[in-house]
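# An overview of the molecular structure
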Amino acid sequence: MTLHVGRPNLPNKTQFLSYLTGIWERNWLTNDGPLVQEFEQKISKLLGVEHCIAVANATIGLQLVAKALGLTGEVIVPSFTFIATAHALSWIGLTPVFCDIDRHTWCINPERVERLITEKASAILGVHLFGRPCDHARLSKIARAHELQLFYDAAHAFGCGGIGGLGEAEVFSFHATKCINSFEGGMITTNHQVLAERLRLMRNFGFEDEDLVVSLGINGKMSEVHAAMGLASLAQFQDVVLVNRQNFGVYRTCLTDVLDVTLHYPGDNYQYIVLEVYGDRDGLYEALRSEGVLARRYFNPGCHKSFPYAFAWSGRQMTVTDYLSAHVLCLPTGMSVTYEDIERICGIIRNWRDGDGSIRNSS
Ligand SMILES: *Cc1c(COP(=O)(O)O)cnc(C)c1O
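Being a predicted model, the structure only gives us computed values, none of them experimental.

## Observations regarding the site of the ligand
The full set close to the ligand counts 14 residues, and T59, D153, H156, S173 and K178 are the nearest of them. Between the ligand and the protein, one listed contact pairs an oxygen atom with a side-chain N or O atom of T59 at 2.6 Å. Between a nitrogen atom of the ligand and a side-chain N or O atom of D153, the distance comes to 2.7 Å. Protein chains shield 92% of the accessible area of the ligand, which is 390 Å² for the free molecule. Here the residues of the shell around the ligand sort into four nonpolar, eight polar and two charged.

In structure tokens:
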């Protein structure tokens, strides 16, 4: 059987259908409906953050925050992230300035951020990569000293310690592959009331009431059916984390004596199983694929080497990003992966033959 990274964790179907029945009874499909409000309130309580603004997806959430903060010119972002972090900015005319990551957290390196600040910079956008938090204390100090806005792409970090109320705002993704999903969707979280109000306006074309438009805006709304899926998914969140944590434990046990790889500690939601492969990463990737295990090279290449950014790349060194993008491999986890699956995957890794035909990992 084929195994995927990011296979959706389907919630209870009966619960989802009962939410749908409610939607039919109310005949209220979108525009800040009761399920969207319930979803926002539940997440607000769970994460301990003042304001939650549900959006169509995390990409538009990042754009709304950038617009609401009035960003201009350059925004400093990590080079080791999903392309959406950079594209969200470029699409609205901002310039992502790529920064190398920290060797230990794999998040944006604060020391390097400081060196990249120019007069054109207006913000720092950190990414809590694989659910591991950025060094917020240092980043906020730098942001304050240089009068920059600070916000976060928290697409990987739902339910990870302390994340939700950092910086001006944080943006979560509920894309089907994430640990909570609403088919497509996202959530902006913030403790700043003025910003929250501005975001709510901008999410809905700038409408303050029925006829009155008070700001520029876009359609960033989440529909009721997406919120229904989000609510059903949120209800099983603890179970997903528990299963992911157990899966991590099985991987760790099965890989302890395999010398060529290191299993890295994930964030508190255990959403990603991240392997650092010291030898021929692509060889192992192919070996897994040929056995139906569709591992993923997240994130390869780094954004600075990806279209369209590569053309403008100055050639500045990105040592850690370049190293990791060539050595990282994400493995399947989630509700649909069994212990037997994990044992099979680890068996392939253990017996993987390097290019010269020698067995690298025998036991
Ligand atoms: C998934 C993801 C996004 C995009 O989220 P969407 O909801 O699909 O727009 C952004 N950044 C990171 C790091 C992601 O993993």
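Picking up where we left off.
## Some thoughts on the pairing of strand β10 (residues 273-277)
Of all five residues in β10, five are buried, a share of seventy percent or more. Neither face of β10 is left uncovered, since the one carrying I273, L275 and V277 and the one carrying V274 and E276 both have all their residues buried. As paired elements, strand β9 (residues 261-264) and β10 share four bridges and run antiparallel to each other. Bridge assignment links T262 to a residue of β10, and that residue is E276. Here four bridges tie β10 to strand β12 (residues 328-331), and the two strands are oriented antiparallel to one another. Following the sheet pairing, E276 is matched in β12 by V328.

## So, the sheet that holds β12
In space, the three strands of this open sheet follow the order β9-β10-β12, with antiparallel pairing throughout. Only two strands of the sheet have a single partner each, and these edge strands are β9 and β12. Pairwise comparison of adjacent strand axes, ignoring direction, gives a mean angle of 30° for this sheet.

## Description of the pairing of strand β6 (residues 149-153)
Across the five residues of β6, four count as buried, placing the element largely inside the fold. Bridge analysis of strand β5 (residues 121-127) against β6 gives five bridges, and the strand direction is parallel. Bridge assignment links L125 to a residue of β6, and that residue is F151. Relative to strand β7 (residues 170-173), β6 is paired through two bridges, and the arrangement is parallel. Note on β7: the bridge partner recorded for Y152 is E170.

## Quick look at the sheet that holds β6
Taken in spatial order, the seven strands line up as β2-β8-β7-β6-β5-β3-β4 in an open sheet, and their pairing is mixed. Pairing within the sheet leaves two strands with one partner each, and these edge strands are β2 (51-55) and β4 (95-99). Geometrically, the sheet is characterised by an average inter-axis angle of 25° between neighbouring strands, direction not taken into account. The strands that helix α3 (residues 58-68) touches are β2, β5, β6, β7 and β8 (186-190); relative to β7, the one it contacts most, it runs at about 165°. Relative to β4, helix α4 (residues 83-90) is tilted by about 150°, and along the sheet it contacts β3 (74-78), β4, β5 and β6.

Scoring rules and cut-offs
Residues numbered from 1 in each chain as written. Predicted model: local features only at pLDDT ≥ 70, side-chain atom pairs only at ≥ 80, totals over all residues. Heavy atoms only, no water. Near = heavy atom within 4 Å. Polar contact = N/O pair within 3.5 Å; in protein donor to acceptor, adjacent residues only side chain to side chain. Areas by Shrake-Rupley, 256 points an atom, 1.4 Å probe, with all protein chains shown as cover. Nonpolar A, V, L, I, M, F, W, Y, C, P; charged D, E, K, R; others polar. Buried < 20%, exposed > 50% of the residue type's maximum accessible area, 1.4 Å probe, protein only. Helix = DSSP H or I, 4+ residues; strand = E, 2+ residues; numbered from the N terminus. Pairing = 2+ DSSP bridges. Axes fitted to C-alpha atoms, helices over the stretch in contact; angles between N-to-C directions. Contact = heavy atoms within 4.5 Å.

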